[in-house]
Amino acid sequence: CVALVSTLQAFYIKGIDRYNKVASKIPDTCFTLVGCTIQVFELAGIEPAKNLRIIPPIPHDQLYTLYNQSHVYCQFSRRESFSLSLAEAMYHQMIPVISTAGGMPEVTSGFGHTVYFNDSPQLCNQSIEQAIEAINEALNQPKNPAFQHHITQNFTLTTRTHQLAAVASLG
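Report follows, based on the coordinates.

Turning our attention to the overall build of the protein. Counting secondary structure elements, the protein contains nine helices and five strands. Listing every helix and strand of the protein by position from the N terminus yields α-α-β-α-β-α-β-α-β-α-β-α-α-α. In terms of C-alpha radius of gyration, the protein reaches 16 Å, essentially the compact-globule figure of 16 Å for 171 residues. Counting only C-alpha atoms, the protein reaches 50 × 35 × 35 Å along its principal axes. For the protein, buried positions account for 44% of its 171 residues. A fraction of 55% describes how many contacts in the protein between residues 6 or more apart in sequence connect residues 24 or more apart. Of the accessible surface of the protein, which amounts to about 9100 Å², a share of 55% is contributed by carbon and sulfur atoms.

Our next topic: the packing of aromatic side chains. Counted under the stated rule, the structure contains eight aromatic pairs. The interplanar angle of 45 degrees and the centroid separation of 4.8 Å between the aromatic rings of Phe76 and Phe117 together place this pair among those described as tilted. One end of the pair, Phe76, is in the loop between strand S3 (72-75) and helix H5 (84-91); the other, Phe117, is in the loop between strand S5 (113-115) and helix H7 (124-139), with 41 residues separating them in the sequence. Here Phe76 falls in the buried class, since its relative accessible area comes to 1%. For Phe117, a relative accessible area of 9% corresponds to the buried category. By the ring-pair criterion, three or more aromatic residues cluster together here, those being Tyr19, Phe31, Phe76 and Phe117.

Bringing the nonpolar core into the picture now. In this structure, Val22, Phe76 and Val97 are the most contacted members of the largest nonpolar core, which totals 51 residues. Looking at which element gives the most residues to this core, the answer is H7, with seven residues. Residues contacting Val22, with those up to four places away along its chain left out, are Phe31, Phe76, Ile128, Ala131, Ile132 and Ile135.

Moving on, we get to the pairing of strand S1 (residues 31-34). Burial along S1 is two-sided: the residues Phe31 and Leu33 and Thr32 and Val34 are all buried. Across four bridges, S1 lies against strand S2 (residues 52-55) in parallel orientation. Bridged to Leu33 within S2 is Ile54. Handedness of the S1-helix H3 (residues 38-44)-S2 crossover: right-handed.

Think of a ball as big as a water molecule: rolled over the atoms, this probe shows where empty space is left. Of the pockets and cavities examined, the largest pocket occupies roughly 330 Å³. As for the largest pocket, its lining consists of 21 residues, and the residues nearest its centre are Tyr19, Cys30, Thr32, Ser70 and Val72. Looking at the lining of the largest pocket, the elements that each hand over two or more residues are S1, helix H4 (60-69), S3 and H7. Tallied by class, the residues present in the lining of the largest pocket amount to 15 nonpolar, five polar and one charged. For the lining of the second largest pocket, the class distribution of residues is nine nonpolar, four polar and three charged.

The strand order across the open sheet built from three strands is S3-S4-S5, with neighbouring strands paired in parallel fashion. The open sheet is flanked by S3 and S5, the only strands paired with a single partner. Neighbour to neighbour, the strand axes of the sheet diverge by 15 degrees on average, direction disregarded. Pairing between S3 and strand S4 (residues 95-99): four bridges, direction parallel. Residue pairing for S4: Gln75 is matched across the bridge by Ile98. Relative to S5, H7 is tilted by about 170 degrees, and along the sheet it contacts S3, S4 and S5.

What counts as what
- Residues numbered from 1 in each chain as written.
- Predicted model: local features only at pLDDT ≥ 70, side-chain atom pairs only at ≥ 80, totals over all residues.
- Heavy atoms only, no water.
- Helix = DSSP H or I, 4+ residues; strand = E, 2+ residues; numbered from the N terminus.
- Rg over C-alpha atoms; globule rule 2.2 N^0.38 Å.
- Buried < 20%, exposed > 50% of the residue type's maximum accessible area, 1.4 Å probe, protein only.
- Contact = heavy atoms within 4.5 Å.
- Areas by Shrake-Rupley, 256 points an atom, 1.4 Å probe, with all protein chains shown as cover.
- Phe/Tyr/Trp six-rings, centres within 6.5 Å; stacked < 30°, edge-to-face > 60°.
- Core = buried A, V, L, I, M, F, W, Y, C linked by side-chain atoms within 4.5 Å.
- Pairing = 2+ DSSP bridges.
- Right-handed = clockwise from strand over helix to strand, strands pointing away.
- 1 Å grid on protein atoms, 1.4 Å probe; cavity = no way out; pocket = protein on both sides within 12 Å on 5 of 7 lines; lining within 4 Å.
- Points joined across faces, edges and corners; volume = space filled by probe spheres on them.
- Nonpolar A, V, L, I, M, F, W, Y, C, P; charged D, E, K, R; others polar.
- Axes fitted to C-alpha atoms, helices over the stretch in contact; angles between N-to-C directions.

See below:
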């Protein structure tokens, strides 16, 4: 997961608590969180999962190495816009496991796994179990070049510029 998180509000918006909870339930799987610090976990009063590696914000070009070394990309946000980090992960053929927040389902377009997260006490554990099942399934799938093709076909700067110009001409 890549999320620039420096406040308690961002911690919850980006679903880092959800990500941490999922990680703690799959102790034999390594999880990495980029863009956060242990201090934000302390602010939230949450102990990081023992199998969660927390990497503070790093230069953008260093993300590529991490994307290439990783197999699954998780983003369990409560609110999200486009999610550039999700598109970058898919470009590097990572298998996405996402929540339904914002534009993430548009970015994945049915590729990977989508989990409906619900934080109500009755449904929270069910959401976590669905995420665990999706991650375990994704870990058993090969990286997929179709993900990279999907991103390059739909989300290049040229494609987005043409789409925005088409929408602007309607108004």
